[in-house]
Structures are given as structure tokens and as C-alpha cells.
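Below are the chains, spelled out letter by letter.
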Amino acid sequence: MIAEKDRSAKSRVIVWFRRDLRLRDNPALEVAYKAGKEIVPVFIWNEEEGGQWSPGAASRWWLHQSLKDLEQSIASRNGKLILRKGSAEDILPQLAKSVGADKVLFNRVYDSAGQKTQVSVETALRRTGVTSESFNASLLNEPWEIKNGSGKPYQVFTPYWRVSRSGIYREPSPYEPSKLTFNNADSKTETLNDLGLLPNHPWHKKLFSHWTVSEDEGHRMISRTTEEVTRFYSNRRNTPSVDGTSKLSPFLAWGNISPRQVCHAVLQADGRSGSRGENKFLTEIGWREFSYHLLYHFPRSPENPLRPKYAAFPWRKDAKALSHWQFGKTGYPLVDAGMKQLYETGWMHNRVRMVVASFLVKHLLLSWSEGARWFWDTLVDADLASNTQGWQWAAGCGADAAPYFRIFNPILQGEKFDGSGKYVRKWIEPLRDFPSKWIFKPWEAPASVLSQSNVALGQNYPRPCVDHPEARARALEALATLPKN
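Position numbers for residues start from 1 in each chain and track the written sequence from start to end. pLDDT decides what is reported in this predicted model: residues at 70 or higher carry local features, side-chain atom pairs at 80 or more are listed and counted, and totals for whole chains, interfaces and linings draw on all residues regardless. As a rule here, side-chain values come from all non-hydrogen atoms in the structure, and water together with hydrogens is ignored.

### What to know about the overall build of the chain
Spelled out, the test is: Think of it this way: any DSSP run of H or I at least four residues long counts as a helix, any run of E at least two long counts as a strand, and we number them from the N terminus. Computation of the radius of gyration draws on C-alpha atoms, with the globule rule given as 2.2 Å multiplied by the number of residues to the power 0.38. The buried label goes to any residue with under 20% of its type's maximum accessible area, the exposed label to any with over 50%, and the partly exposed label to all in between, with areas taken from a 1.4 Å probe on protein chains only.
Looking only at helices and strands, the chain has 20 helices and five strands in total. In terms of C-alpha radius of gyration, the chain reaches 24 Å, essentially the compact-globule figure of 23 Å for 485 residues. Summarising its shape, the C-alpha atoms of the chain cover approximately 90 × 50 × 50 Å along the three principal directions. Taking all 485 residues of the chain together, 55% fall into the buried category.

What follows is the structure, given as C-alpha cells:
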């Protein structure tokens, strides 16, 4: 009897879930399956791990729903997901001992805090005689695999992608999740609610009407991408009133799906349609890869500009202006529509993200870090690599960034990408009946038009918080204070 129990215990392995909350194409699960191991699945929540970049409110909501889905998926396979709260380096050795596992398998993360945790866990496990092995579950290429001719990291996207895009052909793991064997012993576990992931304020409840969070939904969204999005992506991706983007980013952020699954599906669809040449949508996956490449090689970039001279940029401090921007009260309709979409849905169209970011750092002269932190708290797809790269791009201080002197005109951006004003009308109720001619500059509309449309500037819709020509001039003056090189 004892021998039988020992043999069963030795066949167990812990799979530590992190940002890989799925059963398909999960390298840690695949290795356990191929080794014939009984899997003890565990997720550990440690709010302190990320420091100032601990997941924000919207991300925590998404994480809560993802864990609920993972719990149910494992339970449907006669297993039990163990939830713990605290330090992984303390919990995993103790758990390994209690369940009789001699190995811990996990997938890597690439931010500095996550990497530090990995090292601490590996060290703690070795001290107790437990081995560990880690894998790449979230990227096409490891960040250290791609180097330029001098053996250094790339800082320009085009040559980076030229070298690394072969990663799109790496296929997902072929194992069937139904064949995984999970442990369902009565191990100590927290409840999902015990983790305290959901915010105290009710803001997050509106997200339920905009998102279904599950691994299966992620795959439905991949199918939608191959059937509806990629065929017209080049033409529709810049039009915010059209549902022309994939909305896969939050599913990728927490690992409900993998980039290999996305690329494989897109390439298969291309093959069926006879498409040839560069797939524009897959280039967006490339930008995600590039962002992780930068985050890994420049771990301080979430707080510091990659271009050192921008550390001396004369950013303003203006809490009132920041609040106007955060809550869509700038008086510029395209900017306000984007910020209202973000606060309502936890997501914003990518073209509009660029416009609102430009407005913050150039029209308002507020630091890109202020915007990065607001996005980090309100985006369901908040991802430290992409968030950092996107904001440094907008501020002109990052790798392959847009030059700071290129300043988006929010009026012209609206006229170009939301010509009829459909997107603005959807998100700004006072402008629902406003004529298209004036919808991106209502302050220039004749009094009769304002009256007929029931728009009272300064009352039910704000006047512009800054004048575009003046703000542009101020931004260029600020730029001129920096060293030329």
C-alpha cells in the first residue's frame, strides 16, 4: 500500500500557471503530458510582485474571469486548480512537499519583476531537492534569440522583424487537453474571491457587457479574425467606427490564447485563400514581439525613456488637465470619444490610442508616464511591454519612435479616419445629432447649429481645454530645449 502511494506521488508534477491561463498550446502542460505525469495545477497571486506595475483594475478583472474559466476547465477534466496568495518562492516548495511532486514546470515571463520571481523560485526549489523547468509560452521568439550584426538588441522594428518573422511559422503544440491528467486531491486552496482581484468600486461591472473571458472565447475571436478581420485589415484597421481589428490583445495578455495559435490560424486562412506576400495583421504580432524584445533588454524602460536626452524634457504638472484627458473632457471630440470608450469598455481602437497619446504628451505637455499609468489601470489588454513601447513611441523617446515634432491634429485625424463622425457620435451623447461638418470642431459651429443640436459649449460639452496652434507651438518650444543629439 505504501509502495503504491509512493509511486503515485513520484508521478506528480506541479504546473505553475502565470500569464498562460489556458489548457491548449501550453508548453508546461505539454511536457507534463508527454512524461505521463499527474498534474497539480496552481496559480499564485502576489500583488506585491509587480511593484508599481502590479496589474491594474481592468487587468485584475480579466484575470479573475480567466481564473474562473481555468478552474472550470480543469474541474471538467476531474482536476482541481489550487489557488494561493503570497510569495511563490515560499509556497511552491511547501506545496511540492505536501503533494509529493519532485518537479515544477512553468512558463516564463519577461518583465524584470517576473524574472526576479523566477530566479527566487528556482533557487528555493533547489534547496528542497525539487527540480524545475521553464518554457516560452507567450512569444514567437525568445527576446535574447534575436540580435543585430553587432550582437546587440535591435531598436528599429523593420530590421528586427526581417530577422525574426520566421517565428510566425512555429506551430502550436498538437496534444489534446482532454488527455491531460489532473490531480484532484483535497489540497489547501483559496477561493477565487479570497484572492481579492476585483476592485472595490463598481466600475468593472460594466465590462461584463463588452467581454466574454475564456479560452474558448479567445479561439472564437481567432476564428473571427481569420474570417472577418484579416481579409480587410489594411483598409479597415484605421477606422474606429468599424469593427475592423481583432481585439485579441487582452486574450494574449493573460495567455488565454498564444501568438503561435493566432499566426497558425492566419497562415492557414491565407493558404486557403491563395494570399501571397506580407500579411499586414501578422506585422502587428511582430510589434508585440518587438515590444517584448525591448522590455527584456531595457528593463528600466517602463519608467525611463530609451532615448536618454528625453529624461530632461520639461513636462508640465497639471492635475486638472490630466483629469480632463482621463475622463474625456478635453473639448476635442475624437480625443474625448476615445477616452470614453476606454472608460466604458476597457479597450480603445488603436488609431485613437495614438491620437489620445499624442494629445496628452504634445497638446497638454504631460508626461508619457502619466498616460502609461492610466492605460495600465483601465485597459483590459494592459501589457507592460506593449504599453511602454506604445507610450514611448507617442512621446518620441523610445525605440523606432515617431519624432516628437510630428504632432497629430485631432481635428484632421477625426476628419480623416472618422469622416462622418460615427465613432464620435457613439461615445459622446451631446454630439449625437451634430452636423458632420462641425463635429470635430464644435466650437467653430454657428450659434444656430449649436442651438438646433442642443449643444451648449461649456455646459453639456466642454470648450477646448487648449488651442491647437498654441499647444503645438508650446510643444515645439519644449522640444527645442533638449540637446540636439
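From this point, the narrative continues.
### Considering the confidence of the model for the chain
For clarity, the threshold we go by: Confidence of the predictor at the level of single residues is given by pLDDT, which spans 0 to 100. Should any heavy atoms of two residues lie within 4.5 Å, those residues are considered in contact.
Per-residue confidence for the chain gives a mean pLDDT of 94; residues scoring 70 or more make up 96%. This stretch, residues 1–10, has a pLDDT under 50; its non-local contacts, to residues over four places away or in other chains, come to five contacts.

### Some details on helix H2 (residues 27–34)
Considered for burial, the residues of H2 that qualify are Pro27, Ala28, Leu29, Glu30 and Ala32. Just downstream of H2 lies Gly36, where phi reads positive at about 70°.

### Considering the packing of helix H12 (residues 319–326) against helix H15 (residues 368–378)
For any two helices packed against each other, the geometry is given by the interaxial angle and the distance between the axes. Formally: Every axis in this analysis is a line fitted to C-alpha atoms, fitted for helices over the stretch in contact. Angles between the N-to-C directions lie between 0 and 180 degrees. An angle below 35 degrees is treated as roughly parallel, one above 145 as roughly antiparallel, one from 65 to 115 as roughly perpendicular, and anything else as oblique. Should the near helix be turned counterclockwise from the far one by less than a right angle, the crossing is left-handed, whereas a clockwise turn marks it as right-handed. Any residue outside Ala, Val, Leu, Ile, Met, Phe, Trp, Tyr, Cys, Pro, Asp, Glu, Lys and Arg is labelled polar, Gly included; the first ten of those are nonpolar and the last four are charged.
Viewed as axis vectors pointing N to C, H12 and H15 meet at an angle of 40°, and their least axial separation amounts to 12 Å. In terms of orientation, H12 and H15 fall into the oblique class. Judged by the twist between their axes, the crossing of H12 over H15 is right-handed. Where H12 approaches H15, its residues Leu322, Trp325 and Gln326 are matched on the opposing element by Glu370, Gly371, Trp374 and Phe375. By residue class, the composition of the contact of H12 with H15 is four nonpolar, two polar and one charged.

### Brief notes about the side chain of Thr117
Along the polypeptide, Thr117 turns up in helix H5 (residues 112–127). The exposure class of Thr117 is buried, given its relative accessible area of 15%. With residues up to four places along the chain from it excluded, the contact list for Thr117 reads Trp16, Arg18, Glu49 and Ala88.

### Concerning the sheet that holds strand E1 (residues 12–17)
Short version of the rule: Between any two strands, pairing holds if DSSP finds at least two bridges.
Taken in spatial order, the five strands of this open sheet run E3-E2-E1-E4-E5, and their pairing is parallel. Strand pairing shows two members of the sheet lacking a second neighbour, strand E3 (82–85) and strand E5 (131–135), which therefore form its edges. Each adjacent strand pair in this sheet contributes to an overall mean axis angle of 25°, direction not counted. Taken together, the five bridges between strand E4 (residues 103–107) and E5 define a ladder with parallel strand orientation. Bridged to Asn107 within E5 is Phe135. Contacts from H2 reach E1, strand E2 (38–45), E4 and E5, with the element oriented near 145° to E4.

### Quick look at the packing of aromatic side chains
The following threshold applies: Within 6.5 Å between ring centres, the rings of Phe, Tyr and Trp (the latter by its six-membered ring) count as paired, and their orientation is classed by plane angle as stacked under 30 degrees, edge-to-face over 60, tilted in between.
Summed over all chains, the structure comprises 30 aromatic pairs. Taking 5.5 Å as the distance between ring centres and 90° as the angle between the ring planes, the aromatic pair formed by Trp53 and Trp376 counts as edge-to-face. Taken together, the positions of Trp53 in the loop between E2 and helix H3 (57–75) and Trp376 in helix H15 put the pair 323 residues apart, joining distant regions of the chain. Trp53 gets classed as buried once you look at its relative accessible area, which sits at 10%.

### A short note on unusual backbone geometry
You will see that Lys247, though not glycine, has its phi angle at about 55°, which is positive. In this fold, Lys247 is placed in the loop between helix H8 (233–236) and helix H9 (249–253). At Asn454, a residue that is not glycine, the phi angle is positive and equals roughly 60°. Tracing the chain through its elements places Asn454 in the loop between helix H19 (447–452) and helix H20 (468–480).

### Examining the pattern of salt bridges
Basically, it comes down to this: We define a salt bridge as a contact between a side-chain nitrogen of Lys or Arg and a carboxyl oxygen of Asp or Glu at a distance within 4 Å.
On inspection of all chains with the given rule, the structure shows 18 salt bridges. A salt bridge links Glu38 to Arg12, with the nearest nitrogen and oxygen atoms 2.6 Å apart. In this pair, Glu38 is assigned in strand E2 and Arg12 in strand E1, connecting sequence segments 26 residues apart. For the residue pair Glu38 and Arg12, the accessibility class agrees, reading buried in each case. Among the ionic contacts, a cluster of salt bridges with common partners joins Arg24, Glu215 and Asp216.

### A closer look at the nonpolar core
Just so we agree on the cut-off: What we call a nonpolar core is a set of buried Ala, Val, Leu, Ile, Met, Phe, Trp, Tyr and Cys residues that are connected through their side-chain atoms within 4.5 Å.
Core analysis: the largest hydrophobic core is formed by 64 residues, its most contacted members being Trp325, Phe375, Trp391 and Phe434. With seven residues, helix H14 (residues 350–363) is the largest single contributor of residues to this core. Ranked by size, the runner-up nonpolar core spans 62 residues in total, among them Ala57, Trp61, Phe157 and Trp203.

### Some points on helix H13 (residues 333–345)
Keep this limit in mind: By this rule, a helix spans an expected 1.5 Å times one less than how many residues it contains.
With 13 residues, H13 ought to run about 18 Å at 1.5 Å a step, and its terminal C-alpha atoms sit 18 Å apart, in line with that. Here H13 lies mainly inside the structure; ten of its 13 residues are buried. Buried residues of H13: Pro333, Leu334, Val335, Asp336, Ala337, Gly338, Met339, Gln341, Leu342 and Thr345, and no others. The inward-facing, buried residues of H13 contact H12, H14, H15, helix H17 (410–417) and helix H18 (422–427). Among the residues trailing H13, Gly346 stands out with phi positive, at a value near 75°.

### Some points on the pairing of E4
Operational definition: Handedness of a crossover: with both strands directed away from the viewer, a clockwise path from the first strand across the helix to the second marks it as right-handed.
Counted residue by residue, E4 has four buried out of five residues, so it is predominantly covered. Note: E1 against E4, three bridges, orientation parallel. Following the sheet pairing, Trp16 is matched in E4 by Phe106. Of the crossover connections in this fold, the one passing from E4 over H5 to the parallel E5 is right-handed.

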